[in-house]
Amino acid sequence: MISVDTLAPNVRRILESNAANVEAFCARCHELFQRAQRQIDSHAAVFEQYAFVLPTPLRMDADERFTGRGVTIAFLDSGFYAHQDLTEPRNRIVAYHSIFAAEGDDTSLYTNDVASWHGMMTSVVAAGSGALSDGLYRGIASDANLALVKIGLTGRISEEQIRRGLEWVLEHKDEYDIRVVNISAGGDFDESYLTNTLSQTVEQCACEGIIVVCAVGNAGHIPGHPVLPPASAPSCIAVGGLDDQNSLDRARRGMYRSSYGPTIDGLQKPEVIAPGIWVAAPILPRTPTAEEAELYAKLDAASDEELPELISENRGIDKDLDQAAGLRIPLLRQLITIKLREGNVINQHYKYVDGTSFAAPIVSSIIACMLEANPKLSSHQIKRILIGTAERVPDVEIDRQGWGVVNARRAVEVASSYSV
């Protein structure tokens, strides 16, 4: 047993608020309170204004009259899953292709393997209907069509794989009316766009009227913070990460640890930034993560009387909960809160994620709305409007943020009245 008198003051406060008049407690509970303190330290500022993760359209102040209708976004990613937010109330997946399978073979689209989750998240962040949240966690382009291109299996995605995916898009752009391509994957190494074949394919896409949006990468914390192809290509829109602290207060805006230029060719990258942390995204169904999230959400909503029985009925899902079944109710509540926070769980269907992989599809969804408002805009005009309406974050270097945070409402407003 550990004496209360030996505790650090912050941990002691948590103990006293959950288990009054205790003089000593076991090592397992000590670990529980230390974990609770870590969650308080990392999440207190984020959830002090709102007890929930803000939906993307709300935090971006998107104009709800525009939802990407009639616009097809292609996604290049490791893999995908036919999530309900893409197939309900209507199936908007107009095309699926895996570079590893024969044309028309969509088997992997319905396989919830490890390669599926990343592309499922990026596509739903941009264009999900929010079907599993009554529309709350929808994407900004919730009515856009999708062409999903699987370019990975397990492990790293190579430039060659990305290039093959882009070539498929070029070949089928007219068939599916693809206007936007989202690439949340990075290349092999630093190389000039003049010699890099992937960058040259990006330039070809721009010449043929396709807007290519690329995640700039998450290497802002390492020396050189390199921007690799395809994000280093001149004509793409490279997207960095904003940390808005899950708040609508612009004064709280800061930077995510995204990569930034200048590139090897001296180009400014990223051009714009969008939320790269605290982004709501779907949990891949029928996986251990989904099973855990469902249990945590169920326990969080249960009454005190129901908790012990629910934990007993669900033994084997979470070993910490199995071991804690005999704890007092306040301590069980503390553990459930820790589990929700450590797993970044919003509810049984969604969690919050981070990375420029999710900032890029937010920009892609805004572009889809701009094209809905004005289908005649070229890729260069779209880029000009985005950077012209972006909002700079005060006291942050231009190299890191480019022209600033995308302004969804203003970009669509300017697009709708833009003279082509």
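Residues numbered from 1 in each chain as written. Predicted model: local features only at pLDDT ≥ 70, side-chain atom pairs only at ≥ 80, totals over all residues. Heavy atoms only, no water.

1. Describing the environment of P55
And step 1. Within the secondary structure, P55 is located in the loop between α2 (27-43) and α3 (56-59).
And step 2. Assessed through its relative accessible area of 5%, P55 is described here as buried.
And step 3. Considering only alpha carbons, one finds P55 and S133, 78 residues apart in sequence, at a separation of 11 Å.
And step 4. Excluding residues within four positions of it along the chain, P55 makes contact with L136 and Y137. (Helix = DSSP H or I, 4+ residues; strand = E, 2+ residues; numbered from the N terminus. Buried < 20%, exposed > 50% of the residue type's maximum accessible area, 1.4 Å probe, protein only. Contact = heavy atoms within 4.5 Å.)

2. Some points on the packing of helix α6 (residues 159-176) against helix α7 (residues 197-207)
And step 1. Interaxial distance between α6 and α7 falls to 9 Å at its minimum, and their mutual angle equals 20°. Judged by the inter-axis angle, α6 sits roughly parallel to α7. Relative to α7, α6 is oriented so that their crossing is left-handed. Every residue of α7 that contacts α6 at E159, I162, R163, L166, E167 and L170 is listed here: T197, L198, T201, V202, Q204 and C205.
And step 2. Of the residues that constitute the contact of α6 with α7, the class distribution is six nonpolar, three polar and three charged. (Axes fitted to C-alpha atoms, helices over the stretch in contact; angles between N-to-C directions. Parallel < 35°, antiparallel > 145°, perpendicular 65-115°, else oblique. Left-handed = near helix turned anticlockwise from the far one by under 90°. Nonpolar A, V, L, I, M, F, W, Y, C, P; charged D, E, K, R; others polar.)

3. Considerations on the packing of aromatic side chains
And step 1. This model, assessed by the stated rule, comprises three aromatic pairs.
And step 2. Here the aromatic rings of Y137 and Y350 are separated by 5.5 Å at their centres, their planes lie at 45°, and the arrangement is tilted. Of the two residues, Y137 sits in the loop between α5 (116-127) and β5 (145-150) while Y350 sits in strand β12 (residues 350-353), which places them 213 residues apart along the sequence.
And step 3. Its relative accessible area of 1% is what places Y350 among the buried residues.
And step 4. Aromatic pair W168 and Y176: ring centres 6.0 Å apart, planes at 20°, arrangement stacked. (Phe/Tyr/Trp six-rings, centres within 6.5 Å; stacked < 30°, edge-to-face > 60°.)

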